Structure formats: C-alpha cells, structure tokens
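# Remarks on the overall topology
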Amino acid sequence: LIANAHRNLVGGIEKYLQAVIPGLVERGHDVGLLYEYRADPESGRVDPAGGSLRTWCLAEGGYQAALRSVAKWKPDIVYSQGLAGPESATVENALLDAFPVVLFVHNYDFTCGSGSKCHSFPEPKSCNRQLGPMCLVLYYPRRCGGLHPVHMWNNYRRHRQLNARLSDHQAILVASTHMHREIARHGINADKLHLAPLPNTDVSGQPTPPATKRMTGNILFVGRLTDIKGVHYLIQAIPKAASRLDRPLR
C-alpha cells in the first residue's frame, strides 16, 4: 500500500511515485494507493492510466471506512510518502499501529517546527537545530514561519507528532546525503535509515559535455512557486548579478 496526500501530479513527490509505481507493478507486486484529496480525472495521476490499482480516497468515503477496507485488503507493507490532510495524524497513527510502515522523507516536516528549516531574520540562513522546545522560543525572533500564534502552535505540535513517531517506522528512506544526516541527527539508527536516490526515468546521461552555447541572459526557474523554493530571492538577486556581470538578465 502506498500512502500519499495526492493522486494527481501536484509536485515532486507525485513525480517520484509516477516512476516507482510502474516499477513495482512490473516486478509482480500488488500495489494499492491510499490518498487524501479528491483526484481530478482530467489531470495527470501518479498511477498508470487504465491500470488496475486498488485505490482508497479519504475525502470520498471518510478515513474510517477507508482504513477498514485497507485492513481487509491486508497489505504486507505500507510505503508512506507523508500525509497532509485534516485527518493525517489519525490515519498515520492507525497505519503505524496496524502495519509495517516504510517512510520516504521528502521534506523537513519531521525535523522542523515550521517545516522550512530556515531562519528569515536577520538574514536568510539554513537552520541546523534539532526539533525541540527551543524551536518555539526562536520561532518569532528568527522568523521561522508566519506571525499568527495559533498557526505557529498548531504547526509546531503537528511536526512534533511526526517527529515522535519517526522511530516507529520499519525503515526510513531519504534521497540525499544531506537528508540522511538530518534524520540521523534526530536519533534514527543507521540500520533503519537508508539512502535511496530518486529514480530518473526521463533522461539518460550524456557521455560528453554539451557544446558551448551563446549566453542569452535568460534565467528559467522550474518548480512550484512556494515560499520555501526561494524564487523571491532569485528575483531580488537578478539586478545585482546583472550589474556585476555587466549584461542584461531576464
């Protein structure tokens, strides 16, 4: 059973699943998908078109009915990508209590009170703290997140819940050495923590470097336009870079 917030292609996690699910099916696994938000039939999905995957949507039948149906299906293992909906904590705890769960950590939700792992004041700077009560103390002075106190507390409490159950997973996967160090610093044993680089099914390596091209001065950002991606810093930096390079940048 794969557990994820979305069935539609929303971001990088879904692109990852779009590569992984066909590979699991090709290897003879019976794959099911448990997801939180309603899927748009007109948009791309993580599972192959016309496939025979068993699916459960928490938003359609409710999480209790979905969990009962999953229990009848009897998955050997749950591969969780992290949930995000209003009932996510309840569902995650139920899955951990009932099945062996392997977690792929795609972000900082398990190790940061705000999820951004970054201070914004007095200047942008990555944070290397372990998640704990001091994160609440530093939240406002270092601008770790928003300014609403209720949002701050709810955010911190949710991330502490995630952190508290990290060790209850059968195994934890990460895609980079940076995230491997991040999870290890939060007390996960080496025998449970595994580095599994992201699959790349769309391109193949080039044996030689690309030919030198004329510089156009065009800068392209590829990704979701969320604060944590830092696109606003890119925009602010372009005039300074253009001045130093003495060339226009767009």
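Residues numbered from 1 in each chain as written. Predicted model: local features only at pLDDT ≥ 70, side-chain atom pairs only at ≥ 80, totals over all residues. Heavy atoms only, no water.

## Points about the nonpolar core
With 16 residues, the main nonpolar core has Ile2, Tyr16, Leu17, Ile21, Tyr79 and Leu173 as its most contacted residues. Looking at this core, the elements that each hand over two or more residues are helix H1 (12-26), strand E2 (32-35), strand E5 (101-104) and strand E8 (171-174). Residue contributions to this core peak at 4 residues, all from H1. When near neighbours in sequence (up to four residues on either side) are disregarded, Leu17 contacts Ile2, Asn4, Pro22, Val46 and Gln81. By size, the runner-up hydrophobic cluster in this structure holds 15 residues, among which are Leu1, Ala3, Trp56 and Val101. (Core = buried A, V, L, I, M, F, W, Y, C linked by side-chain atoms within 4.5 Å. Buried < 20%, exposed > 50% of the residue type's maximum accessible area, 1.4 Å probe, protein only. Helix = DSSP H or I, 4+ residues; strand = E, 2+ residues; numbered from the N terminus. Contact = heavy atoms within 4.5 Å.)

## Regarding the side chain of Glu36
Here Glu36 lies in the loop between E2 and strand E3 (54-57). Despite its burial, Glu36 pairs with no opposite charge, the nearest such side chain being Arg158 at 6.8 Å. (Lys, Arg positive; Asp, Glu negative; His and termini not counted. Salt bridge = Lys/Arg side-chain N within 4 Å of Asp/Glu carboxyl O.)

## Quick notes on the sheet that holds E5
Spatially, the 7 strands line up as an open sheet ordered E3-E2-E1-E4-E5-E8-E9, and their pairing is parallel. At either margin of the open sheet sits one strand with a lone partner, and together these are E3 and strand E9 (193-195). Across this sheet, the average inter-strand angle for adjacent strands is 20°, counted without regard to direction. In this structure, E2 lies alongside E3, joined through 4 bridges in parallel fashion. Note on E3: the bridge partner recorded for Gly32 is Arg54. (Pairing = 2+ DSSP bridges. Axes fitted to C-alpha atoms, helices over the stretch in contact; angles between N-to-C directions.)

## Some details on unusual backbone geometry
Following Phe121, the chain continues into Pro122 via a peptide bond in cis, with omega recorded as 5°. Along the chain, the position of Pro122 falls in the loop between strand E6 (118-119) and strand E7 (125-126). Even without glycine at this site, Arg143 takes up a positive phi of about 55°. Using a relative accessible area of 37% as the deciding quantity, one classes Arg143 as partly exposed.

## Topic: the pattern of salt bridges
According to the stated counting rule, one finds 7 salt bridges in the structure shown. Salt-bridge contacts for Asp47 lead to Arg7; the nearest nitrogen and oxygen are separated by 2.7 Å. Placement of Asp47 in the loop between E2 and E3 and of Arg7 in the loop between strand E1 (2-4) and H1 is noted, with a sequence separation of 40 residues between them. Looking at Asp47, the relative accessible area reads 7%, which means it is buried. By sharing partners, the salt bridges in this structure join Arg7, Arg45 and Asp47 into a single network.

## Looking at the environment of Tyr79
Tracing the backbone shows Tyr79 in strand E4 (residues 78-80). Through-space distance from the C-alpha of Tyr79 to that of Leu220 is 34 Å; in sequence the pair is 141 residues apart. Every residue in contact with Tyr79, bar those within four places of it in the chain, is listed here: Leu1, Ile2, Ala3, Tyr16, Val102, Phe104 and Leu173.

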